[in-house]
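# Results of the structural survey
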Amino acid sequence: MTGATRSPRYDLPEPDAFTRPYWDAAAEGHLLLRRCRACDRAHHYPREFCPHCWSEDVAWERASGRATLYTWSVVHRNDLPPFGTRVPYVAAVVDLAEGPRMMTEVVECEANALAIGMDLRVTFRQEEGHEAVAVFRP
């Protein structure tokens with residue numbers, strides 16, 4: 001923007017060389033996890049080591065995209081850009097079919113229709129010029 005100060009964005013990821021495969025897959029509509037070859041457990045968010053056994057023998061794996069709703073909260077006020085323009089929205093924690101728990105947002109569902117344990121599928125929010133971000137819908 002010329003002559004104006006752009007508001008900071010608090011919802012945009014900052015990819016690096018390590019996480020680039022994750023963001024590239026997201027742009028293609030796929031959710032990636034990391035799986036440990038030593039203990040065979042998957043984890044999310046992506047790390048260079050296994051948070052369960054500390055092994056560095058971990059690899060990228062495409063997730064099924066299936067999850068169940070663990071908990072949620074309807075956010076009615078958030079002053080950080082751009083969340084204020086999205087309220088109300090559903091901040092949630094989901095249990096991925098592969099095991100890891102993930103913080104996310106539930107979209108395309110009225111808050112009164114949510115129920116713990118409901119089945120969800122991954123979808124992606126993408127704004128032009130920015131990384132695609134995983135969100136979930138029924």
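In the block above lies the structure referred to throughout.
Attention here is on the structure that accompanies the text. Starting afresh in each chain, residues are numbered from 1 along the sequence in its written order. Given that the model is predicted, a residue must reach a pLDDT of at least 70 before its local features are reported, and side-chain atom pairs must reach 80 or more before they are shown or counted; all residues, however, enter totals for whole chains, interfaces and linings. No hydrogens and no water enter the side-chain calculation; it runs on all heavy atoms of the structure.

The subject of this paragraph is the pattern of salt bridges. Salt bridge criterion: a side-chain nitrogen from Lys or Arg within 4 Å of a carboxyl oxygen from Asp or Glu. For the coordinates displayed, the defined rule picks out 11 salt bridges. Note that D57 is salt-bridged to R37, the shortest N-O span being 3.2 Å. One end of the pair, D57, is in the loop between β2 (42–43) and β3 (58–62); the other, R37, is in the loop between β1 (32–36) and β2, with 20 residues separating them in the sequence. Given the relative accessible area of 58%, R37 is considered exposed. Among the charged side chains, a network of salt bridges with common partners joins D11, R86 and E127. What counts as a helix is a DSSP run of H or I of at least four residues, what counts as a strand is a run of E of at least two, and both are numbered from the N terminus. Think of it in three bands: residues with accessible area under 20% of the maximum for their type are buried, residues over 50% are exposed, and the middle band is partly exposed, with areas taken using a 1.4 Å probe on protein chains only.

Locating R35 in the fold gives a position in strand β1. Throughout this description, a polar contact denotes any pair of N or O atoms lying within 3.5 Å of each other; where both atoms belong to protein, one of them has to be capable of donating a hydrogen while the other can accept it, and for residues adjacent in sequence the pair is counted only when both atoms sit in side chains. Polar contacts involving the side chain of R35 include one to the main-chain carbonyl oxygen of D40, which spans 2.6 Å. Side-chain polar atoms of R35 contact the side chain of E61, separated by 2.5 Å. Whether two residues are in contact is decided by their heavy atoms, any of which lying within 4.5 Å being enough. Apart from residues lying up to four places away in sequence, R35 is in contact with D40, R41, A42, D57, V58, A59, E61 and E98.

When DSSP finds two or more bridges between a pair of strands, those strands are recorded as paired. Note: strand β4 (residues 66–75) against strand β7 (residues 119–125), three bridges, orientation antiparallel. When the sheet's bridge partners are listed, T68 is paired in β7 with D119. Bridge count for β7 against strand β8 (residues 133–137) is five bridges, and the pairing is antiparallel. Residue pairing in the sheet places F124 in a bridge with A134 of β8.

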